[in-house]
Amino acid sequence: MTIQTEMSIKPHDRLQAALEGDLIAVNGLIRERMASENAPRIPEVTAHLVDAGGKRVRPMLTLAAARICGYNGPYHVHLAATVEFIHTATLLHDDVVDESEQRRGRPSANLLWDNQSSVLVGDYLFARAFQLMTEPGRLDVLKVLSNAAATIAEGEVLQLTAAQNLATTEETYLKVVRGKTAALFSAATEVGGMIADASDEVTRALFTYGDALGVSFQIVDDVLDLGGAGTQIGKNIGDDFREKKLTLPLIKAIAKADDEERLFWKRTIEKGQQEDGDLEQCLDIIKRHGTLDEAKSEALEWAGQAKEALEIVPDHPMKEMLSDLSDYVVARLN
């Protein structure tokens, strides 16, 4: 393989190839643990989402962190499957809360079945995740992952209470993102180091990498939602606006609004009274104030912090892949 060809392969694909054996084990464990003799709908709903082409980024972070830190045992597979179960459970719940009709380019589970099935299967996956995370017999690892699960739920509730509130600040937005998205990224990398008995310094660096990567990842998704790249995020353009979610580009635009624009935001976001042409007007206002570009700059800053955190992590081919992954997250904006 030439250097040029290797560089043209996406970082998560290179990471996937390097972790092929581990990922086969993770996928096998996921299929084994999502089974249910008494409720066949559980594997049906779970398989619909698990098989929808997700990149398995979060479990790969756990596997890579463990390998970088020299781990040779079996339990990084259990932790990676735990991370994926937590992520899948939150997606099932999110689609009910958001009344979504599409996930990863396919009809959402709540649309194909019903809200009750999505919520209850999500609950089942959370329970399975907690069963899995106990199996390594590491109380420190259990504490990190259980705290992450609580933080994710807290972030979702905070987002719900902040929705349609024009007074929502960028500080609150960051708390939401650190909760609902970055918490699982940082837990995924942190427990990979912990299971390998890495030093506190290295484990903390892996946490910082995951946290910054998760924040950058979410900001990029928020920008793409308003920037015309629907195929990259598996949902419709403008979904966040239609759902009255106050993402970073919107918060920045509202802060700069003149009187006429504030009336527009009050009607469409605060009161939720949206009409044909409102999305286009929203995009025009955001473009006028340059808030997409400002959000992009912040995503780049967080990606830079992720790369910087890796400097003290042991040298390993996968360390470079993790660094490249932080670049790729923001490269989706181009």
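Predicted, not measured: the structure shown is a model, and the values here were computed from it. (Residues numbered from 1 in each chain as written. Predicted model: local features only at pLDDT ≥ 70, side-chain atom pairs only at ≥ 80, totals over all residues. Heavy atoms only, no water.)

## Description of the confidence of the model for the protein
Inference 1: Here the protein shows a mean pLDDT of 87. Residues at 70 or above account for 87%.
Inference 2: Looking at the elements of the protein, mean pLDDT is at its lowest for helix α1 (residues 3–8), recorded as 43, and at its highest for helix α14 (residues 248–255), recorded as 96.
Inference 3: Of the regions scoring below 50 in pLDDT, residues 1–7 engages in three contacts with residues more than four places distant in sequence or in other chains. (pLDDT = per-residue confidence, 0-100. Helix = DSSP H or I, 4+ residues; strand = E, 2+ residues; numbered from the N terminus. Contact = heavy atoms within 4.5 Å.)

## Quick notes on the pattern of salt bridges
Inference 1: Using the criterion set out here, one finds 22 salt bridges in the structure.
Inference 2: A salt bridge links R14 to D324, with the shortest nitrogen-to-oxygen separation between them at 3.0 Å. Highlighted residues: R14 in helix α2 (residues 11–18) and D324 in helix α18 (residues 317–331), separated in sequence by 310 residues.
Inference 3: Residue class for R14 comes out buried when judged on its relative accessible area of 11%.
Inference 4: For D324, a relative accessible area of 16% puts it in the buried group.
Inference 5: R138 is the partner of D140 in a salt bridge, and the nearest nitrogen-oxygen pair spans 3.0 Å.
Inference 6: A residue is classified by how much of its surface remains accessible, and R138, at 21% relative accessible area, is partly exposed. (Salt bridge = Lys/Arg side-chain N within 4 Å of Asp/Glu carboxyl O. Buried < 20%, exposed > 50% of the residue type's maximum accessible area, 1.4 Å probe, protein only.)

## Describing the side chain of R332
Inference 1: Along the polypeptide, R332 turns up in the segment after α18.
Inference 2: A relative accessible area of 10% places R332 in the buried class.
Inference 3: Within the local environment of R332, its side chain forms a polar contact with the backbone oxygen of V329, the two atoms lying 3.2 Å apart. (Polar contact = N/O pair within 3.5 Å; in protein donor to acceptor, adjacent residues only side chain to side chain.)

## Regarding the nonpolar core
Inference 1: Core analysis: the biggest nonpolar cluster contains 98 residues, and L61, Y209, I219 and W265 have the highest contact counts within it.
Inference 2: Dropping the residues within four chain positions of it, Y209 is found in contact with L61, T189, A306, A309, L310, L322, L325 and S326. (Core = buried A, V, L, I, M, F, W, Y, C linked by side-chain atoms within 4.5 Å.)

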